[in-house]
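These are the residues of each chain, in order.
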Amino acid sequence: MDERVHAEVRRIADEIGTMEIRGAAAIAEAAARALRSQATDSETTDPEAFKSELRAAARMLYETRPTAVSLPNALRYVLRGMSSTTVEGLRQDVVQSADDFCARLERAQADLGQVGANRLRDGDTIMTHCHSTDVFACVEAAVEQGKHIEAIVKETRPRLQGHITAEALHEMGVPVTLIVDSAARRYLNDVDHVLVGADAIAADGSVINKIGTSGLAVNARDRGAPIMVAAQTLKLHPGTMTGHTVDIEMRDTEEIIDDETLAELGNPTVKNPAFDVTPPRYVDAIVTERGQFPPESIVILMRELFGEGTTEPWAE
Ligand code: RUB
């Protein structure tokens, strides 16, 4: 363990790893807060040592979960803010850029919500998967526009994030039907929009989101239900512009089956991928705070925001 990394950062890193903090936007916000606390708690008087502490903290946070690109995007945003030459100046830089980042995230979500809400009509039923705050922003804005929206919520095995979604939509006044994941196709005939979030969007418009999203999208296309992805630009993956692929997290098999039951079954191999890739041809629109995009043209927005690519957050 890197001793330069303070206890608060380690705590947040641990909570991201164990999924107490989860969802791409929440992970990004927590990472920015963690770097801020590393800066405010630092006791070093040497500017170079201060910067190297911040980079070590960023690396620890980066290594928690591999798929949500919002995490490195957040770390990069905060670390790039460091331009002063004194420790006090650098501390202020990090506090300022972390606060800016969190404010921008909140604003982006509100703006994206308006765009997504415009796609929803009064009386629409959506089907959603997992738990996405970007999706909530769209539904909440539609409800605020006075539209009646109903939701069919997939429970999202194995971690049951659908329960969080069901509760939050209920609190928004949205009538919810909860279904097991495998019942999705049966209920797609009743659905006007499939609405999901994203952990990363690749340069070709592929959407990386909770395992089961791609199957849902294929079924929705077959049934003629449009597929909308709510993803603020924080979810755009700059590395994919230069040929990198998105790492799909494989989680502990204990999330699916305990060791004792596994042994009773003769110890079959168990796989627990946390995410999957939905090809762009199954996506109708990616809704961002910069407007809605067909997936094939998202790369234009990526070039505008990131240039031709980026390096690791701590390598700059
Ligand atoms: C969460 C998940 C969410 C995206 C978007 O996966 O796949 O759909 O992160 O969420 P996990 P948001 O539970 O494994 O973190 O819109 O809140 O960023």
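Starting from 1, residues in each chain are numbered consecutively following that chain's sequence as written. Where totals are concerned, whole chains, interfaces and linings use all residues; where local detail is concerned, this predicted model gives features only for residues with pLDDT of at least 70, and gives and counts side-chain atom pairs only at 80 or more. To get the side-chain values, all heavy atoms of the structure are used, and hydrogens and water are removed first.

Helical segments are the DSSP runs of H or I of at least four residues, strand segments are the runs of E of at least two, and each set is numbered from the N terminus. Take Glu144: it is sitting in helix α6 (residues 133-144). Distance from Glu144 to Leu90, taken between C-alpha atoms, is 41 Å for residues 54 residues apart in sequence.

Pairing between sheet strands relies on hydrogen bonds along the backbone, with the strands arranged either parallel or antiparallel. One open sheet holds the 3 strands; their spatial order is β5-β6-β8, and the pairing between them is antiparallel. Looking at strand neighbours, the two that pair on one side only are β5 (200-201) and β8 (275-278), the edges of this open sheet. By this definition, two strands are paired if DSSP reports at least two bridges between them. Taken together, the 2 bridges between β5 and strand β6 (residues 207-210) define a ladder with antiparallel strand orientation. Among the inter-strand pairings, Ala200 is bridged to a residue of β6, identified as Ile208.

In this section: unusual backbone geometry. Where the residue is not glycine, phi is negative for most of them; where a peptide bond is considered, it is trans in most cases. With an omega of 0°, the peptide bond between Arg157 and Pro158 qualifies as cis. By secondary structure assignment, the location of Pro158 is in the loop between β2 (150-154) and α7 (161-171). Even without glycine at this site, Met19 takes up a positive phi of about 70°. Within the secondary structure, Met19 is located in the loop between α1 (7-17) and α2 (24-41). Of note, the phi angle at Leu160 is positive, near 60°, even though the residue is not glycine. Examined against the element boundaries, Leu160 turns out to sit in the loop between β2 and α7.

Quick look at the side chain of Ser37 now. In this structure, Ser37 sits in helix α2. We call two residues in contact whenever any of their non-hydrogen atoms come within 4.5 Å of each other. Those residues in contact with Ser37 that sit more than four places away from it in its chain are Glu8 and Val9.

Let's shift gears to the site of the ligand. If a single non-hydrogen atom of a residue is within 4 Å of a molecule or strand, that residue counts as near it. Near the ligand, the surroundings consist of 18 residues, among which Arg22, Ser132, Thr133, Asn209 and Lys210 are the closest. Contacts described as polar in this section are N or O atom pairs within 3.5 Å, which, within protein, must combine one atom able to donate a hydrogen with one able to accept it, while residues neighboring in sequence count only if both atoms come from side chains. Ala25 has a polar backbone atom sitting 2.8 Å from an oxygen atom of the ligand. For the ligand, an oxygen atom lies 2.8 Å from a polar atom in the side chain of Asp199. Methods summary: accessible areas were calculated by the Shrake-Rupley approach with a probe of 1.4 Å, and residue burial reflects only the protein chains presented. In the complex, 100% of the free accessible area of the ligand, which totals 460 Å², lies under the protein chains.

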